[in-house]
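Residue-level structural notes
Read off the chains here:
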Amino acid sequence: MSGQGTVVGADGLARCPWGLETESMADYREYHDTEWARQVRGDDALYERICLEAFQSGLSWITILRRREGFRAAFADFRIKAVAEFTEADEQRLLADPGIIRNRAKISATIGNARAAAEMAEGELDELIWSHAPDAATRPVPRTFADVPAITPESTALSKALKKRGFRFVGPTTAYALMQACGLVNDHLADCHVRDRV
């Protein structure tokens, strides 16, 4: 897929190749068309995306998408203050929850990241993340996925800034995926029907 350009779906619309509508991947199409690269603001909303991107590490994004409601139920709708108060008993509950990815390190990081975020002033996480958005005018428009980087200087800087605050599972690649998902960058391909709407 890396060198592939847009693909036209059954509805006649050109999409990034990963957003192609197939019976088994309709979730991808919906996410591609309505969420990916659209601006996400607010501490809790961004904390949720940090957590989901961390859980995705080493897995396919469709696995996370299909369990998103399970994650929300398990992690108090990703309300930072609520998750920051989780106890060892909560961690054990999460490790037994089939509605999420039961990875001890990622569960621990999600709770730890809530505690790190809770130590920040209201709006500070949002400000920190968005301060790393590159100038859109300086970014070339990708024509194929070979033109889309996995890491950028901005994602490396964001990763370092989050780690300095105590966040875990936020390496430069995960930070760039966060930037893509939350609209800090628009990596919809040039011919994708969603690009100009973002």
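The paragraphs below set out a description of the structure included in this document. This structure is a prediction, so every number in the text was calculated from the model and none was measured.

Let's talk about the packing of aromatic side chains
- Going through the model one piece at a time under the given rule, you end up with 9 aromatic pairs.
- Ring geometry for F55 against F71: centres 4.7 Å apart, planes inclined by 50 degrees, an arrangement best described as tilted. Pair noted here: F55 is in helix α2 (residues 43–56) and F71 is in helix α4 (residues 68–74), with a separation of 16 residues, a long-range link. Each member of the pair, F55 together with F71, is buried.
- Taking the centre distance of 5.7 Å and the plane angle of 20 degrees together, the rings of F75 and F78 count as stacked.
- In textbook terms, an aromatic cluster arises when at least three aromatic residues are bridged by ring pairs, as seen for Y47, F55, F71, F75, F78 and F86.
- Here the guanidinium or amino end of R93 rests over the ring plane of F86, the centre of that ring lying 5.3 Å away.

Structural notes on the packing of α2 against helix α10 (residues 172–181)
- Running from N to C, α2 and α10 point in directions that differ by 130 degrees, and their axes come no closer than 9 Å. Judged by the inter-axis angle, α2 sits oblique to α10. Pair α2 / α10 crosses with right-handed handedness. Across the interface between the two elements, L46, R49, I50, E53 and A54 of α2 pack against T174, A177, L178 and A181 of α10.
- Counted by class, the contact of α2 with α10 contains 6 nonpolar, 1 polar and 2 charged residues.

A short note on the packing of helix α9 (residues 153–164) against α10
- For the pair α9 and α10, the least separation of the axes is 8 Å and the interaxial angle reads 110 degrees. Of the possible angle classes, the one that applies to α9 and α10 is roughly perpendicular. Seen from α9, the contacting residues are E154, S155, T156, L158 and S159; seen from α10, they are P172, A175, Y176, L178 and M179.
- Class assignment of the residues belonging to the contact of α9 with α10 gives a composition of 6 nonpolar, 3 polar and 1 charged.

A look at the pattern of salt bridges
- This structure, assessed with the given rule, holds 14 salt bridges.
- Salt-bridge contacts for R72 lead to E48; the nearest nitrogen and oxygen are separated by 2.8 Å. One end of the pair, R72, is in helix α4; the other, E48, is in helix α2, with 24 residues separating them in the sequence.
- Put simply, D90 and R93 hold a salt bridge, and the shortest N to O gap is 3.4 Å.

Let's talk about the nonpolar core
- Membership of the largest hydrophobic core comes to 58 residues, with the highest contact counts inside it found for F71, F75, L125, I129 and F167.
- Element by element, the count of residues in this core is highest for α2, at 6 residues.
- For F167, the residues in contact, after removing those within four places along its chain, are I50, N113, A116, A117, M120, L125 and L162.

Calculation notes
- Residues numbered from 1 in each chain as written.
- Predicted model: local features only at pLDDT ≥ 70, side-chain atom pairs only at ≥ 80, totals over all residues.
- Heavy atoms only, no water.
- Phe/Tyr/Trp six-rings, centres within 6.5 Å; stacked < 30°, edge-to-face > 60°.
- Helix = DSSP H or I, 4+ residues; strand = E, 2+ residues; numbered from the N terminus.
- Buried < 20%, exposed > 50% of the residue type's maximum accessible area, 1.4 Å probe, protein only.
- Lys NZ or Arg CZ within 6 Å of the ring centre and 35° of its normal.
- Axes fitted to C-alpha atoms, helices over the stretch in contact; angles between N-to-C directions.
- Parallel < 35°, antiparallel > 145°, perpendicular 65-115°, else oblique.
- Left-handed = near helix turned anticlockwise from the far one by under 90°.
- Contact = heavy atoms within 4.5 Å.
- Nonpolar A, V, L, I, M, F, W, Y, C, P; charged D, E, K, R; others polar.
- Salt bridge = Lys/Arg side-chain N within 4 Å of Asp/Glu carboxyl O.
- Core = buried A, V, L, I, M, F, W, Y, C linked by side-chain atoms within 4.5 Å.

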